[in-house]
Amino acid sequence: MSAADDGFEALKARYLAYVDTFRGPDGRLGEMLELKLAHTMRVVDNATRIADGEGFDSERRSATIAAALLHDTGRYEQLVKYDTFNDADSIDHAALSHDIVARLGWVVGRPDAEAVLAAVLYHNRKEVPEGLDPLTEAASHAVRDADKLDIFRVLEERVATTDWRRDAKAFWNLKAGLPPSPAVVAAIRGGRSVDYSEIRTLSDFVLIQVGWMICGLHYRVSRRLCAERGHLAFRRRFLDEIGGGAEAEELCDRAERLALSV
Ligand SMILES: [Fe+2]
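Residues numbered from 1 in each chain as written. Predicted model: local features only at pLDDT ≥ 70, side-chain atom pairs only at ≥ 80, totals over all residues. Heavy atoms only, no water.

Distances from the iron ion to its protein donors, namely Asp-72 (OD), His-93 (NE2) and His-123 (NE2), fall within the range 2.1 to 2.2 Å. Within one chain, the residues serving as donors to the iron ion are arranged as D-x20-H-x29-H. On the criterion of sequence distance, the pair formed by His-93 in helix α5 (residues 93-104) and His-123 in the loop between α6 (113-122) and α7 (134-161) is long-range, its members being 30 residues apart. The buried category is assigned to His-123, whose relative accessible area is 6%. (Donors = N, O, S within 2.8 Å, 3.2 Å for Na, K, Ca; no water. Helix = DSSP H or I, 4+ residues; strand = E, 2+ residues; numbered from the N terminus. Buried < 20%, exposed > 50% of the residue type's maximum accessible area, 1.4 Å probe, protein only.)

What follows is the structure in structure tokens.
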């Protein structure tokens, strides 16, 4: 698809011009925001792969990719205002993203404006609301999958680039060497999404992502990308190293059986 035919390049130019307003006099964004921008572009890439792999028509494809680009728009303001990416300590960054995109009129005139805004708003909810129109539902699920796929990469990069064994701050002071919390294991076993407030140990944090592999990726293409990229194998090894124990192993086995059926 040529980018010009659905307005994506124009939308991207507006987005990047907005991001530029957060650059310092030296032209730099700062490390944390640079990482968010890189994350966003990878989510766009994942969303494009999902849309194409799932055979989305041009309307769904366009809404999905636009929402992927805009899903974390609020992260820049969130960090500047609150000095954190932790929503619980600041603001719901998806709602903030939705409000900024709406206020700046970036999707005005698009026939899919409501679907794009809704997919941005729903991207971090525990569940996608029921009863959505098909376009909003497809774009919402695709953006959530695309986001999770990149969050898998972010964890792996963090393990590779930090001194996490000695530096507890690398994983927000979550304790390594402890098994996952019973509440987290029970939620994943029961196919329920886990609330971040239930995270007690580093094993919990990693296991939540294994839970996404069991029932958190909506599209077959997303599950295939996850398998191809070796994200489960990485978590199995890492959980073993940080004391995930038998329960973590059992849940990794369950995720592996599902991956084999993709
Ligand atoms: Fe987000």
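Now for helix α11 (residues 231-241). Turning to α11, its buried residues number three or more, namely His-231, Leu-232, Phe-234, Arg-235, Phe-238 and Leu-239. One side of α11 carries all its buried residues, which in axial view fall inside an arc of 155°. Along α11, exposed side chains directed more than 90 degrees from the buried face belong to Arg-237 and Asp-240. Where the residues of α11 are buried, they touch α7, α9 (202-215), α10 (220-228) and α12 (245-260). Downstream of α11 by one or two residues, Gly-243 has phi in the positive range, about 80°. (Arc of directions from axis to C-beta. Contact = heavy atoms within 4.5 Å.)

Here we take up the pattern of salt bridges. Applying the stated criterion across every chain yields a total of 20 salt bridges. A salt bridge links Arg-23 to Asp-20; the shortest N-O distance between them is 2.7 Å. Owing to a relative accessible area of 29%, Arg-23 belongs among the partly exposed residues under this scheme. One salt bridge connects Arg-75 with Asp-87, and the closest N-O pair in it is separated by 3.4 Å. Of this pair, Arg-75 sits in helix α4 (residues 74-82) while Asp-87 sits in the loop between α4 and α5, and the two are twelve residues apart along the sequence. For Arg-75, a relative accessible area of 9% puts it in the buried group. A single salt-bridge network, built from bridges that share partners, covers Asp-20, Arg-23 and Glu-34. (Salt bridge = Lys/Arg side-chain N within 4 Å of Asp/Glu carboxyl O.)

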